[in-house]
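The lines below spell out each chain.
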Amino acid sequence: MGNSERKIRRAVKRTPIEERSRYAEEWRRDVAEAKSVGPHAEAEVSRGAMRMATHLRQRWLGRLLLGGLGPVWAVIGWAALALCALAAFLFGGPVIILGLIVFVIAVLVLSRAGVHTFWSYFAMVAPVIVGTAAAAFAWWVLGLAIDAADANTPAPEITHWGGAALSLMGLCAIVFITSVIFAAVRQHRIGPL
């Protein structure tokens, strides 16, 4: 089995189940045709299959989170994301890295799912950036306040901005959720992905 055939097998495994048979047949046919052209063409076909499989998986995850696969699957998907966030917050350390990776993947999937206008896309991505910065600031300020309390010294003046950072995080979450709902409603009106 050649390298291209291994890549095609990985691409088929990455493809959502309901679309595997169609794409597996197409990609294997493309690789067979590319063999007559040369190894470079064969490698290009297998790389294209991997890119397409990744795109199909992202689209499937977006449909899942936006309710395209049904409300039960959407609730399960959002509950899994909430559990990852809760575990990252409670346990910290390496779990926080896993939580950040899941968070970044979810934002990328949601920013590419649905039908967006420029402003709805901006309203989805900008709050994530601002909210993450506000969360980092709130976490830093909390550390300063704890250190000051441990040292029995007054907290620095900047710690008074922690509440504003938390409020900004809440506002960003509301804007993000509203933009996700907007994308889902717009997608529902236009039709399935």
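These figures come from a predicted structure and were not determined experimentally. (Residues numbered from 1 in each chain as written. Predicted model: local features only at pLDDT ≥ 70, side-chain atom pairs only at ≥ 80, totals over all residues. Heavy atoms only, no water.)

(A) How the structure looks around the environment of I174. Examined against the element boundaries, I174 turns out to sit in helix α7 (residues 162-190). Residue I174 is classed as exposed on the basis of its relative accessible area, which comes to 53%. Distance from I174 to P127, taken between C-alpha atoms, is 8.8 Å for residues 47 residues apart in sequence. (Helix = DSSP H or I, 4+ residues; strand = E, 2+ residues; numbered from the N terminus. Buried < 20%, exposed > 50% of the residue type's maximum accessible area, 1.4 Å probe, protein only.)

(B) Here's a closer look at the pattern of salt bridges. Scanning the entire structure with this criterion turns up 4 salt bridges. In this structure, E25 and R29 form a salt bridge, with 3.7 Å as the shortest nitrogen-oxygen distance. Of this pair, E25 and R29 are both found in helix α2 (residues 20-37), 4 residues apart, which corresponds to roughly one turn of the helix. A salt bridge links R51 to E44; its shortest N-O distance comes to 3.5 Å. Connected through shared salt-bridge partners, E44, R47 and R51 make up one network. (Salt bridge = Lys/Arg side-chain N within 4 Å of Asp/Glu carboxyl O.)

(C) Broad picture of the side chain of E19. With respect to the helices, strands and loops of the structure, E19 is situated in the loop between α1 (3-14) and α2. Apart from residues no more than four positions distant in its own chain, E19 is found in contact with L56 and R59. (Contact = heavy atoms within 4.5 Å.)

(D) Highlighting the packing of helix α5 (residues 93-112) against helix α6 (residues 118-150). Interaxial distance between α5 and α6 falls to 10 Å at its minimum, and their mutual angle equals 165°. When the interaxial angle is binned, α5 and α6 end up roughly antiparallel. In this structure, the crossing between α5 and α6 has a hand that is left-handed. Residues F103, V107, L110 and S111 of α5 form the contact with α6, whose participating residues are Y121, M124, V125, V128 and T132. Across the contact of α5 with α6, the residue classes tally to 7 nonpolar, 2 polar and no charged. (Axes fitted to C-alpha atoms, helices over the stretch in contact; angles between N-to-C directions. Parallel < 35°, antiparallel > 145°, perpendicular 65-115°, else oblique. Left-handed = near helix turned anticlockwise from the far one by under 90°. Nonpolar A, V, L, I, M, F, W, Y, C, P; charged D, E, K, R; others polar.)

(E) Representation of the packing of helix α4 (residues 71-91) against α5 within the structure. The interhelical angle for the contact between α4 and α5, taken along N-to-C directions, is 150°, at an axis separation of 8 Å. By the angle between their directions, the pair α4 and α5 is classed as roughly antiparallel. The handedness of the crossing between α4 and α5 comes out as left-handed. Across the interface between the two elements, W78, L81, C84, A87, A88 and F91 of α4 pack against G93, V95, I96, G99, V102, A106 and L110 of α5.

(F) The arrangement of the environment of F89 in detail. As for its position among the elements, F89 is in helix α4. Accessibility expressed as a relative area gives 55% for F89, which makes it exposed. Sequence separation between F89 and G99 is 10 residues, and the spatial gap between their C-alpha atoms is 8.4 Å.

(G) The side chain of E42, seen in detail. Structurally, the position occupied by E42 is in helix α3 (residues 39-65). The buried charged residue E42 lacks any salt bridge partner; its closest oppositely charged side chain belongs to K35, at an N-O distance of 4.5 Å. When near neighbours in sequence (up to four residues on either side) are disregarded, E42 contacts S4, V31, A34 and K35. (Lys, Arg positive; Asp, Glu negative; His and termini not counted.)

(H) Here's a closer look at unusual backbone geometry. The backbone of N152 shows a phi angle near 55°, a positive value even though the residue is not glycine. Inspection of the secondary structure puts N152 in the loop between α6 and α7. Taking relative accessible area as the criterion, N152 reaches 74% and is therefore assigned exposed.

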